[in-house]
Amino acid sequence: QAKNSGRNTFQVFLPEMNIRAVERQSIEQALHRALEQHKFLLHYQPKVNLDTGAITGAEALIRMQETDDQLVYPMNFITIAEESGLILPIGRWALREACRQAKAWLEAGLDIGQIAVNVSSREFHSKDFLEGLIAILNETGLDPGHLELEMTESGLMQDTEPTTVLLHALKKLGVHIAIDDFGTGYSSLSYLMRFPIDTLKIDRSFVRDLDDDDTGFSGEAIVSAVIAMGSSLKQRVVAEGIETQHQLAFLQSHHCVEGQGFYFSRPVPADEFAALLAARGAH
Ligand code: C2E
Ligand code: MG
Ligand code: MG
Ligand code: MG
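All values reported here derive from a predicted model rather than from experimental measurement. (Residues numbered from 1 in each chain as written. Chains lettered and ligands numbered in written order. Predicted model: local features only at pLDDT ≥ 70, side-chain atom pairs only at ≥ 80, totals over all residues. Heavy atoms only, no water.)

(A) Up close: the overall build of the protein chain. When you go through the protein chain residue by residue, the secondary structure sums to 12 helices and 10 strands. Radius of gyration (C-alpha) of the protein chain: 20 Å, near the 19 Å computed for a compact globule of 283 residues. Along the first, second and third principal axes, the C-alpha set of the protein chain runs to 70 × 50 × 40 Å. Among the 283 residues that make up the protein chain, the fraction classed as buried is 44%. A sequence separation of at least 24 residues applies to 69% of the contacts in the protein chain between residues at least 6 apart. Accessible area of the protein chain: about 15200 Å², with a carbon and sulfur share of 52%. Charged side chains of the protein chain number 24 positive and 39 negative; the gap between the two group centres comes to 7 Å. (Helix = DSSP H or I, 4+ residues; strand = E, 2+ residues; numbered from the N terminus. Rg over C-alpha atoms; globule rule 2.2 N^0.38 Å. Buried < 20%, exposed > 50% of the residue type's maximum accessible area, 1.4 Å probe, protein only. Contact = heavy atoms within 4.5 Å. Areas by Shrake-Rupley, 256 points an atom, 1.4 Å probe, with all protein chains shown as cover. Lys, Arg positive; Asp, Glu negative; His and termini not counted. Charge placed at Lys NZ, Arg CZ, Asp CG, Glu CD.)

(B) Summary view of the site of ligand 1. Around ligand 1 there are 23 residues in total, and Asn118, Asp180, Arg204, Glu243 and Phe262 lie nearest to it. A distance of 2.5 Å separates a nitrogen atom of ligand 1 from a polar side-chain atom of Glu243. Here ligand 1 has 800 Å² of accessible area as a free molecule, and 83% of this is covered by the chains. When each cavity is represented as a set of grid points, ligand 1 is found to reside in the largest pocket. Elements supplying a minimum of two residues to the shell around ligand 1: β2 (55-67), α3 (87-107) and β6 (176-182). (Near = heavy atom within 4 Å. Polar contact = N/O pair within 3.5 Å; in protein donor to acceptor, adjacent residues only side chain to side chain. 1 Å grid on protein atoms, 1.4 Å probe; cavity = no way out; pocket = protein on both sides within 12 Å on 5 of 7 lines; lining within 4 Å. Sits in = over half its atoms within 2 Å of the grid points.)

(C) Broad picture of unusual backbone geometry. You will see that His38, though not glycine, has its phi angle at about 55 degrees, which is positive. Looking at the secondary structure, you find His38 in the loop between α1 (15-36) and β1 (40-49). One non-glycine residue, Asp181, lies in the positive phi region at around 50 degrees. Tracing the chain through its elements places Asp181 in strand β6. Under the relative-accessibility criterion, Asp181 is labelled partly exposed at 26%.

(D) Region of interest: the side chain of Glu59. Along the chain, Glu59 falls in strand β2. A distance of 2.9 Å separates a polar atom in the side chain of Glu59 from a polar atom in the side chain of Lys201. When residues no more than four places from it in sequence are discounted, the contact partners of Glu59 are His43, Tyr44, Gln45, Lys47, Ala116, Asn118, Glu150, Asp180, Lys201 and Gln260.

(E) Looking closely at the environment of Val268. Of note, Val268 is situated in strand β10 (residues 268-269). Overall, Val268 belongs to the buried group, its relative accessible area being 10%. In this structure, the C-alpha to C-alpha distance between Val268 and Gly174, residues 94 residues apart in sequence, is 27 Å. Every residue in contact with Val268, bar those within four places of it in the chain, is listed here: His43, Tyr44, Phe273 and Leu276.

(F) How the structure looks around the coordination of the magnesium ion (ligand 2). Protein-derived coordination of the magnesium ion (ligand 2) comes from Glu59 (OE), Asn118 (OD1), Glu150 (OE) and Asp180 (OD), at a distance range of 2.0 to 2.2 Å. All donor residues of the magnesium ion (ligand 2) come from one chain, and their arrangement in sequence is E-x58-N-x31-E-x29-D. Separating the magnesium ion (ligand 2) from the magnesium ion (ligand 3) is a gap of 4.0 Å, bridged by Asp180, which donates to each. With Asn118 in strand β4 (residues 114-118) and Glu150 in strand β5 (residues 147-152), this pair connects stretches of sequence that are 32 residues apart. You can call Asn118 partly exposed: its relative accessible area is 28%. (Donors = N, O, S within 2.8 Å, 3.2 Å for Na, K, Ca; no water.)

Here it is, written out as structure tokens:
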């Protein structure tokens, strides 16, 4: 719709723009439907201690159940959810569901470590984020020490003053904070050192580059720099997207403590994650 164009301006629509607008609208409708009909679900990807192989926690990752046998992955809807504002109810759902599930696992005697939930900057910077989180923790009875929030650098670097206040409030609550996709944004190191951050997650693009033999600007330099930085700032470092033995060996030799990736496990449904945990406990 060219509703904002003035009387004397032409609005040119290319066919592909139309397709995108229609696609966007149909995705928004699907998101509304999924909220109403409870068609979102979470998969859990284990985080692993790279030396011992022990599971240290999991990252909750959202999916939309489109049909009985078809899942829609977040790359197809998160951006539209953010732009439309639907990320607020969707993110709230994901947070509540992850906390509910974590509490149920703890009550079943499973040692889950920490369950990490991704939080978009739009959610984090929404007025009632903290209030909503506290309500969810009270309602589910989850000990905040079992919860980690994953935020991107760009989300944290936006409005640094209120961000600092909020991060300290979360810290006081006992919730852990991770910076996701670390190295891909434009963090100011001085803020990074001032923020109460528990975990740096090395973006998987750098881990992938560990397998390239190109000399010069490579994943190796970045990965080892982030590991060194995390260790001097007393932050946990988690390498994302580990797929090969070679990547694992490099990370181990540089004393990266934790990681996640297809090499260990894909994100799996809740019952499969519980089975992984139970199997570990039996050793
Ligand atoms: P992310 O938080 O960086 O999550 C890691 C992504 O990498 C996941 O994709 C995961 O399946 C994938 N991954 C893990 N290990 C490997 C590996 O070894 N190789 C490769 N190629 N990929 C690996 P997924 O589940 O499709 O999620 C994509 C993004 O969507 C997430 O990136 C996160 O930014 C966003 N997202 C997912 N769930 C939520 C949610 O509940 N709320 C919000 N706001 N964002 C979410
Ligand atoms: Mg994440
Ligand atoms: Mg990531
Ligand atoms: Mg990402």
